[in-house]
Amino acid sequence: MDRDRYRAEWSTLHGGLDASSSRLIDGWLGIMYLCAAPFVRRRVSPTTVTVLALVCAAIAVAASAFGRWGVLAAMVLILASTLLDGVDGAVAVMSDRASAWGSVLDSTADRVSDLCFYACAAVVGVPLPLIATMAASTLVHESVRARAAAVGMPEAGVLTVWERPSRAVTVLLILGANMIFPEQTWTSAAGGAVGAGLALIGLVQLLLVVHRRLAAPAQQPARSPG
């Protein structure tokens, strides 16, 4: 599958969203296409890629407990997990294996990976109330998005400050600060506070968008004169 067809298939699966309308989305799709191509050529299934992303996230939790080098390993594993999370969808599209079950599995694996990322932050000292705020906000965030999509609101295009890349970057910054300043416990608390704040802001953003789109009255057809 060439890139143009990949973009077209992706657009069909995302409510007709034109990827070329956003440089960010179009650039991300280009990266995913290049990363997914080796998996497609080797006939690796999207499910295998999804499981691999989840395994990387789980191992990161254990690695983060082993000092500076363990934290560095955890950061690499989180990056790998985040990248593979995008690659599995690209593999599904490019190999014509996209399915409803694959979508459910991918979403479930994403939530478990999110929790693993937060567990890494907890291991390096982020206070548990802040971890709980990030985790709860994330789960509610994605639950609202899924429910809104189920009642007819297109998922694509609803972007907040607390999407998966933001979550991964926040945890990476927390881990990075811990690796550089292992004796400064305030860095983890500050990073956790920023993450919790962004999580709450992202949830409010999503709720406002969902309310505006779903609560708006249906447009009435124009009446003919007379």
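Residues numbered from 1 in each chain as written. Predicted model: local features only at pLDDT ≥ 70, side-chain atom pairs only at ≥ 80, totals over all residues. Heavy atoms only, no water.

1. Remarks on the side chain of Arg164
- Along the polypeptide, Arg164 turns up in helix α7 (residues 164-180).
- The buried category is assigned to Arg164, whose relative accessible area is 11%.
- Leave out the neighbours within four places in its chain, and Arg164 touches Asp85, Asp110, Arg111, Ser113, Asp114 and Phe117. (Helix = DSSP H or I, 4+ residues; strand = E, 2+ residues; numbered from the N terminus. Buried < 20%, exposed > 50% of the residue type's maximum accessible area, 1.4 Å probe, protein only. Contact = heavy atoms within 4.5 Å.)

2. Here's the deal with the nonpolar core
- Grouped together as the largest cluster of nonpolar side chains are 45 residues, with contacts concentrated most on Tyr6, Ile78, Met94, Tyr118 and Leu175.
- Of all elements in the fold, only α1 (3-13), α2 (23-41), α3 (46-63), α4 (67-94), α5 (100-123), α6 (128-150), α7 and α8 (185-215) reach the threshold of two or more residues within this core.
- Counting residues per element, this core draws most heavily on α4, which supplies 11 residues.
- Once you skip the residues sitting within four places of it in the chain, Tyr118 turns out to touch Ile131, Met134, Ala135, Thr138, Trp162, Arg167 and Val171. (Core = buried A, V, L, I, M, F, W, Y, C linked by side-chain atoms within 4.5 Å.)

3. Considering the packing of α5 against α7
- One can describe the packing of α5 onto α7 by two numbers: an axis separation of 9 Å at closest approach and a directional angle of 20°. The angle between α5 and α7 falls in the class roughly parallel. In terms of crossing hand, the pair formed by α5 and α7 is left-handed. Between α5 and α7, the residues in contact are Asp110, Arg111, Ser113, Asp114, Phe117, Tyr118, Cys120 and Ala121 and Arg164, Arg167, Ala168, Val171, Ile174 and Leu175, respectively.
- Looking at the contact of α5 with α7, its residues break down into eight nonpolar, one polar and five charged. (Axes fitted to C-alpha atoms, helices over the stretch in contact; angles between N-to-C directions. Parallel < 35°, antiparallel > 145°, perpendicular 65-115°, else oblique. Left-handed = near helix turned anticlockwise from the far one by under 90°. Nonpolar A, V, L, I, M, F, W, Y, C, P; charged D, E, K, R; others polar.)

4. As for α6
- Helix length check: α6, at 23 residues, gives a terminal C-alpha distance of 33 Å against a target of 33 Å (1.5 Å per residue), a fit within 8%.
- Gly152 sits one or two residues past α6 and shows a positive phi near 115°. (Expected span 1.5 Å × (residues − 1).)

5. Quick look at the packing of aromatic side chains
- Overall, the coordinates contain one aromatic pair when judged by the stated rule.
- Summarising the aromatic geometry, the rings of Tyr6 and Tyr33 are spaced 5.8 Å apart at their centres and angled 45° between planes, so their arrangement reads as tilted. Taken as a pair, Tyr6 in helix α1 and Tyr33 in helix α2 lie far apart in primary sequence, 27 residues in all. Side by side, Tyr6 and Tyr33 carry an identical accessibility label, which is buried. (Phe/Tyr/Trp six-rings, centres within 6.5 Å; stacked < 30°, edge-to-face > 60°.)

6. Describing empty space enclosed by the protein
- Applying the stated criterion across every chain yields a total of one cavity of 30 Å³ or more.
- Space inside the largest cavity adds up to approximately 40 Å³.
- Looking at the largest cavity, the residues that line it are Thr50, Ala53, Leu54, Ser81, Asp85, Asp88, Asp106, Ala109, Asp110, Ser113 and Arg164.
- Among the elements of the structure, α3, α4 and α5 are those that each provide at least two residues to the lining of the largest cavity.
- At four residues, the largest contribution of residues to the lining of the largest cavity is made by α5.
- Among the residues making up the lining of the largest cavity, the classes are represented as three nonpolar, three polar and five charged. (1 Å grid on protein atoms, 1.4 Å probe; cavity = no way out; pocket = protein on both sides within 12 Å on 5 of 7 lines; lining within 4 Å. Points joined across faces, edges and corners; volume = space filled by probe spheres on them.)

7. With respect to α3
- When the terminal C-alpha atoms of α3 are compared, their 26 Å separation across 18 residues agrees well with the 26 Å that a helix rising 1.5 Å per residue should span.
- For α3, the full list of buried residues reads Pro46, Val49, Thr50, Ala53, Cys56, Ala57, Ala60 and Ala63. In a view along the axis of α3, the buried residues occupy a sector of 150°, so they form one face of it.
- In this structure, the buried residues of α3 make contact with α2, α4 and α5. (Arc of directions from axis to C-beta.)

8. Re the environment of Val87
- Tracing the sequence through the fold places Val87 in helix α4.
- Given a relative accessible area of 1%, Val87 falls into the buried group.
- Taking the C-alpha atoms as reference points, Val87 and Cys35, separated by 52 residues in sequence, lie 6.5 Å from one another.
- Setting aside residues up to four positions removed in sequence, Val87 forms contacts with Met32, Cys35, Ala36, Phe39 and Val49.

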